[in-house]
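Spelled out from the first residue to the last, the chains are:
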Amino acid sequence: MEATSLYNAQFMDHVAHPDYKYDMGDCTCEHDGINPSCGDELHLKVRMADDGTIAEAAYTGHGCAVSMASADMMSDLMVGKTPEEAIKLCQEFKDMITGKQTDQDQLEQDLDEAAMLKDVSHMPARVKCAELAWRTLSEMLKGTADGQASTTEDAADAQKAANA
Ligand code: ZN
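In short, a report on the structure.

Conventions we followed
- Residues numbered from 1 in each chain as written.
- Predicted model: local features only at pLDDT ≥ 70, side-chain atom pairs only at ≥ 80, totals over all residues.
- Heavy atoms only, no water.
- Helix = DSSP H or I, 4+ residues; strand = E, 2+ residues; numbered from the N terminus.
- Contact = heavy atoms within 4.5 Å.
- Phe/Tyr/Trp six-rings, centres within 6.5 Å; stacked < 30°, edge-to-face > 60°.
- Buried < 20%, exposed > 50% of the residue type's maximum accessible area, 1.4 Å probe, protein only.
- Expected span 1.5 Å × (residues − 1).

**Here's the deal with the side chain of Glu92**
Along the chain, Glu92 falls in helix H3 (residues 83-97). In this view, Glu92 contacts Gln106, Leu107, Asp110 and Leu111; residues no more than four positions away in its chain are not counted.

**Notes on the packing of aromatic side chains**
The final tally for this structure, using the stated rule, is two aromatic pairs. Centre to centre, the rings of Tyr7 and Phe11 are 5.1 Å apart; their planes meet at 80 degrees, and the pair counts as edge-to-face. Among the residues examined, Phe11 registers a relative accessible area of 0% and is labelled buried. Here Phe93 and Trp134 contribute two aromatic rings whose centre-to-centre distance is 4.0 Å and whose plane-to-plane angle is 5 degrees, an arrangement assigned as stacked. With Phe93 in helix H3 and Trp134 in helix H5 (residues 127-146), the pair connects residues that are 41 residues apart, well separated along the chain. In this structure Phe93 comes out as buried when scored by relative accessible area, which is 0%.

**So, helix H2 (residues 65-78)**
Its 14 residues place the ends of H2 20 Å apart at the C-alpha level, agreeing with the 20 Å of an ideal helix rising 1.5 Å per residue. Counting buried residues along H2, 12 of its 14 residues qualify, which places the element largely inside the surrounding structure. Turning to H2, its buried residues number three or more, namely Val66, Ser67, Met68, Ala69, Ser70, Ala71, Asp72, Met73, Met74, Ser75, Leu77 and Met78. Two residues or fewer past H2, Gly80 is found with a positive phi of approximately 90 degrees.

Okay, structure coming up:
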């Protein structure tokens, strides 16, 4: 059973008329995200402001409606956030779509429009789609903070293996 309320007018507007789907000229950092299980591909670019906050986020790529709408909502949400705040929001989004965080008021307060993707937690096949943009941003920001690129997930897996 799929939740039908997800594909509402507001959601479809992000798919049909995305605000942040364009190739940014002067980005500070960029990162690719791929979801092979669905074929979603995302190229995310971020420009940092002088005060260390995210001035602009934009993406190019292609994929299903959930992956693209999620990327658009995320790009809107991240403007003005510090990398630390952004990474926390990415974690909260992940907790939401995996059903760990269910406090609707809190989610709407923190994630704004993206809280509507909560229904994805009832659609296991779409979780990786919804998560793609947030995972990509989180990897990018953590990589920048660590001074290393895109190995966040591999490092986490290696850590897990070492602890096993
Ligand atoms: Zn997808």
